[in-house]
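Structural overview
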Amino acid sequence: MVSHVRTVAFQGIEAVPVDVQVMVAPGKVGMQIVGLPDKAVAESRERVQAALHASGLSMPAKRVTINLAPADLPKEGSHYDLPIALGLMAALGAIPGDSLAGYVVLGELSLDGTIAPVAGALPAAIGANADGRRLICPHGCGSEAAWAGADIDIIAPRSLIAVANHFRGTQVLSRPEPAIREQARNLPDLADIKGQETARRALEVAAAGGHNLLMVGPPGSGKSMLAQRLPSILPPLGAAELLEVSMIASIAGALADGKLSDRRPFRAPHHSASMAAMVGGGLRVKPGEVSLAHCGVLFLDEFPEFTPQVLDSLRQPLESGECMIARANHRVTYPARFQLVAAMNPCRCGMAGEPGHRCARGPRCQADYQARISGPLMDRIDLRIEVPAVSATDLIRPGQSEDSAAVAERVARARHAQRERAAELGQPPAVTNASLSNSMVEKLAAPDAAGTSLLADASEKLGFSARAYHRILKVARTLADLDGTDSVGRVHLAEAISYRMAGERLAQQAA
C-alpha cells in the first residue's frame, strides 16, 4: 500500500507542489528517501523514527521507501519531516488513510514528537488556498499561515500525537488567528535633527515619491540620523504589499512568532556584505538584502566602501524591481522593488571641501574615493544632496524642528494623489512616481511651456542622459504632488534639476 501526502518545495516565493509517497513492503528493514533530497531531508529519517517512537508508534520490521515527486526537483529544508511522518502513520493505519487528502503539510519534527516552526508557512498557505486545499503546519507558524485567507482550513498542532488525535476525533484543533506585531512607539523622529533644512526637504521628497537618495557630507553631519528617520515618515504597507513583504520574510525565516507588521522594511547591511548577501544566493538561494527591503528602504552607509561588484549588482534590481538568481540547474526570482538611500563622505579623509581643512593628498583623494561608484549606478539615483557640517548656531538654537508626524501627513497626501492617478490608469495602487514607466511619466508629468524650456536648456548644458531626463520629470511630479497641484511647473523642475546638479558637481570634482 502506498500513502500520499501533499507538501511543497520553494522556488523563490512560489510554493511548488510535491507529492510524498510512502510505501511499506517486505524486504530489508530500513527507511530510504529518494527524490533528490538534500542533507536536511535525508536526515529526516532519524528525526521521524525518533518522533514516532516518542509518540508510542513502533517502526515496522519492513522496508520503508519514501519518494518525493517530482523526482527531478531538488528538495531542500526540514519541513518535509511532518509529511513523511504522517504518510508513514497513514501507511501503518495509525490515522485514517483518506484523512490527509486535500491537505498541504509542512513541519519539522523534534526527537520528542513535537513540531517545530519552519520557514515558508505563509507562501505554502497562499499556494494551498489557491489550489483549494487545506493546511497542516506547526503551531508556531499558525498565526502566520492564517493571513492566507479567512476561508482556508488550517490545523496547527503542537505534536504528532495532537495530529493523530485530531483525525481520530478525540481532540479538536481550533483554527489559529492571524497575529499582528506590536508597532514600536519610539521610532527616531525628525524633530531630533538640528538644521539641515535642505536634507530634510530632500528626505521628504524621497519619501513622497519613492525616489533613490544619495547624501554626501563630512562625518558627523547627520547623514545616518536622517536615513534612520525615513521610516517614520513613510506610509504603512498596503494589503498586497504586506503579503509580498511577509512572504519574502517567511522564506527567509525572519517572521518573529509568525506575526506580520505593516511597517515598511528598513535594511542597513554593513559595507563588508558579499554579493550573495546583497542580492541573494547561497546553497539554498535565500533572498538577499535587496529582496528583504522590498517595498521598503535599503540604506547603504559608507557607500564607496562596498566593493564595486556589490554596488554594480544593484543596477538591475533598481531598474526592474526584481532580482533573478541563476544557477546551473535552476533560476529563482525574488521581488526587489526597494528605495535606495546611500550616505558617503566626500573623500577618504572625509573633510574635502570643508572650510579650514586641506587634504594631504589634495584633489586626488576626493577623485579616487568617488570614482569607486560607477556612473551607471549614480545615474539611477534621483536625488543627490550635499549635507554640510552642522554649525554650533544650529545646535544651540532653542526649540525643536518639525516632527515626523507633520511631515508624514504631507507624504501621505502625495502618495494618495499617486494612488488615485494609478487607479485611473488601471495601474496597481503600489505604483509610486519613481516606478512610473517613461511613457506614463511623459503623460503625467508633462511640464508647462516655461518648464519645458528650462528642462531643455539644462539637459543641453549639463548633458543629461535619457534616464536622467525622465527621472527629473518623476521628481518634479512628486514636488507638484507635495504642493497639491495637478500641473508640473517651472518651479518644480528647477528644484528637481537642482537635486541632479549636486551629483554633476560631484562628478566634476572627481574628474
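Note: the structure precedes this text.
Scoring rules and cut-offs
Residues numbered from 1 in each chain as written. Predicted model: local features only at pLDDT ≥ 70, side-chain atom pairs only at ≥ 80, totals over all residues. Heavy atoms only, no water. Helix = DSSP H or I, 4+ residues; strand = E, 2+ residues; numbered from the N terminus. Buried < 20%, exposed > 50% of the residue type's maximum accessible area, 1.4 Å probe, protein only. Contact = heavy atoms within 4.5 Å. Salt bridge = Lys/Arg side-chain N within 4 Å of Asp/Glu carboxyl O. Pairing = 2+ DSSP bridges. Axes fitted to C-alpha atoms, helices over the stretch in contact; angles between N-to-C directions.

Things to note about the environment of C347
Note that C347 resides in the loop between strand 17 (339-344) and helix 14 (363-370). Of the residues examined, C347 reaches a relative accessible area of 0% and is grouped as buried. Linking C347 and A367, residues 20 residues apart in sequence, is a C-alpha distance of 7.6 Å. Ignoring anything within four residues of it in the chain, the contact list for C347 reads A352, C365, Q366 and Y369.

Things to note about the pattern of salt bridges
This structure, assessed with the given rule, holds 20 salt bridges. Note that R45 is salt-bridged to E46, the shortest N-O span being 3.5 Å. With a shortest N-O distance of 2.9 Å, E495 and R201 are connected by a salt bridge. Linking E495 in helix 21 (residues 490-510) with R201 in helix 7 (residues 197-209), this pair joins segments that are 294 residues apart in sequence. Given the relative accessible area of 26%, R201 is considered partly exposed.

Quick notes on the sheet that holds strand 14 (residues 297-300)
Strand order across the open sheet formed by 5 strands is 11-14-17-10-18, with parallel pairing between neighbours. The open sheet has two free edges, formed respectively by strand 11 (266-267) and strand 18 (383-386), since each of these has just one partner strand. Taken strand by strand, helix 7 contacts strand 10 (213-216), strand 17 and strand 18, and its axis lies near 165 degrees from that of strand 18.

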